[in-house]
Amino acid sequence: MQHMMIFVGGIIDFLARELSQSTFWYQVLAIVVAVLLSYFVARFCSQKVAVWKENFSKETIGHKLCRFSLELTRKLFFSIFAALFLSLGASTISDMGLLTDNNFNLIHVGYQIFYAWALLVFLIQVFGVCIASDSVLLQIKKPLYILFWILATLEIIGVLPKFIQAMREINLPIGPDSLTLWALVVGIITVIVSILIAQWLSSLCDSALNSAKDIDNNLKIVLSRLIHIAFIAIAILISLSSVGLDLTILSVFGGAIGVGLGFGLQKIASNYISGFIILFDHSVKIGDTVEVSGFNGKITQIKTRYSVLRNFSGEEMIIPNETFVTQNVKNFTFTDRASVATVETSIGYECDVNRALAILVDIAKKQARILETPQPWAVVSGFGNDGINLKLSFWVKDPENGTSVLRSTIMKEILERFNQENISIPYTIRDVTLRGELKIKAANDSAH
């Protein structure tokens, strides 16, 4: 109630003191003209910057920095030009003798609002780059803008300094020294901003690592995680120490986290450490084709706690990293990415076996996905009831892309070549003989 009375009283005092003075309206006129001029000029310049931005479309770190700088400049145009035009307006009014140096209070507040607006735009842009989510950014923009204009209004009427002074007088018993409420609020804001900047810097480092072609994929992931952790830790330590908070307080939280990891979070810690182990020892890598826990697929992601396997049917399975360390894992591409595939067929006993084997090898050699060395080979795999069984084996360069289409192509060419060479593929023919009553009944049915 007391704060509400302060707020209402501040508004009444402000209206009674300022609205009756002509100097107030001169300043209002200068601010309105500055806002209108800056709006049109900023709009014109933004269109030019948008055209320049199209020249930096690559996903390299240099192009990303240029795009961020141009977009930030485009967002700051309004505040920059508004402050410039307001300064020109204030100089014009002063030269005309309409205002003295003691009457520029509202214009000074206008400067503060423009500068604060520029800072808010900068923080929102950095936050947008860190989270990389347009939907989340749209959700937080409106509350931040509303909060900004509330604080700006309180600053204009002179109430905001009183609230800040009141917060500085409230002491919180944290640690050996007292901590004011204002210092706590500033510390929280500083930590959030520092973490956002650390996230942005780590994302830039990720882009630089991903563009490096001479670094192993597993090493890229390890370096990315270590850089991310280092940036976050440094940001928290610097932000807390900058507001005068005793860092020994963090030892309490560190002990609590250690106890939690030792009891309730031991599986999570195990999976986390296992993730670094498999990245360092290269037992499995992104792109490997493996079979684990009865699931066969290609490793598409290695996260902090789990890895993702995707099979050729599009199904995905999440495997805890600990599984790769403690259980048997069949890695089809551990030392060599190529793997053996086979196609089986059969020919009649009257056909030329050697010619059929040569045709199979010749068809395999013409396939682009099959290695030339070792060469494909074909053998007689057995004697069936209806024909001679043949088996064609070959090494596939990229088994992670599947072999179903390749095998289908080879079998279609086998049919075509065998027909051209008059090599028959046997199939089972069965004669059915009817006896006794069944034969008579079948004859009567056919007569009807």
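Caption draft 1: Quick look at the pairing of strand E3 (residues 289-292). With four bridges joining them, E3 and strand E4 (residues 295-302) adopt antiparallel strand pairing. Within the sheet, the bridge partner assigned to Val292 lies in E4 and is Phe295. Here E3 folds back onto E4, and the loop between the two strands holds two residues, one of which, Ser293, carries a positive phi near 55°. Of the strand pairs in this sheet, E3 and strand E7 (residues 330-331) are connected by two bridges, and their pairing is antiparallel. Across the sheet, the residue bridging to Glu291 is Lys330, located in E7.

Caption draft 2: Examining the sheet that holds strand E8 (residues 339-347) more closely. Spatially, three strands are ordered E8-E10-E9 in an open sheet, and the strand pairing comes out antiparallel. Edge strands, defined here as strands with exactly one partner in the open sheet, are E8 and strand E9 (377-383). Looking at each pair of strands side by side, their axes are set apart by 25° on average, direction ignored. Where E9 meets strand E10 (residues 388-396), six bridges bridge the pair, whose relative direction is antiparallel. In the sheet register, Gly382 faces E10, and the bridge partner there is Asn389. Each of E8, E9 and E10 is contacted by helix H12 (residues 353-365), which is oriented at about 25° to E10, the strand it contacts most.

Caption draft 3: Focus on the side chain of Asn311. Tracing the backbone through its elements, the reader meets Asn311 in the loop between strand E5 (306-310) and strand E6 (316-320). Setting aside residues no more than four positions away along its own chain, Asn311 makes contact with Phe295, Asn296 and Gly297.

Caption draft 4: Highlighting unusual backbone geometry. With omega at -5°, the peptide bond leading from Thr373 into Pro374 counts as cis. With respect to the element layout, Pro374 can be found in the loop between H12 and E9. One non-glycine residue, Ser293, lies in the positive phi region at around 55°. At Asn422, a position not held by glycine, the phi torsion is positive, near 60°.

Each value, and the rule that gives it
- Counting of residues starts from 1 at the beginning of each chain's written sequence and follows it residue by residue.
- Thresholds applied to this predicted model are a pLDDT of at least 70 for local features of residues and 80 or more for the giving and counting of side-chain atom pairs; totals over whole chains, interfaces and linings are not thresholded and use all residues.
- Side-chain numbers here rest on the full set of heavy atoms in the structure, without hydrogens or water.
- Two strands pair if DSSP finds at least two bridges between them.
- Going along the chain from the N terminus, every DSSP run of H or I of four or more residues is numbered as a helix, and every run of E of two or more is numbered as a strand.
- Each axis is a line fitted through C-alpha atoms, and for a helix only the stretch in contact is used; angles between axes span 0 to 180 degrees, taken between their N-to-C directions.
- The contact rule is simple, with two residues in contact once any of their heavy atoms fall within 4.5 Å.

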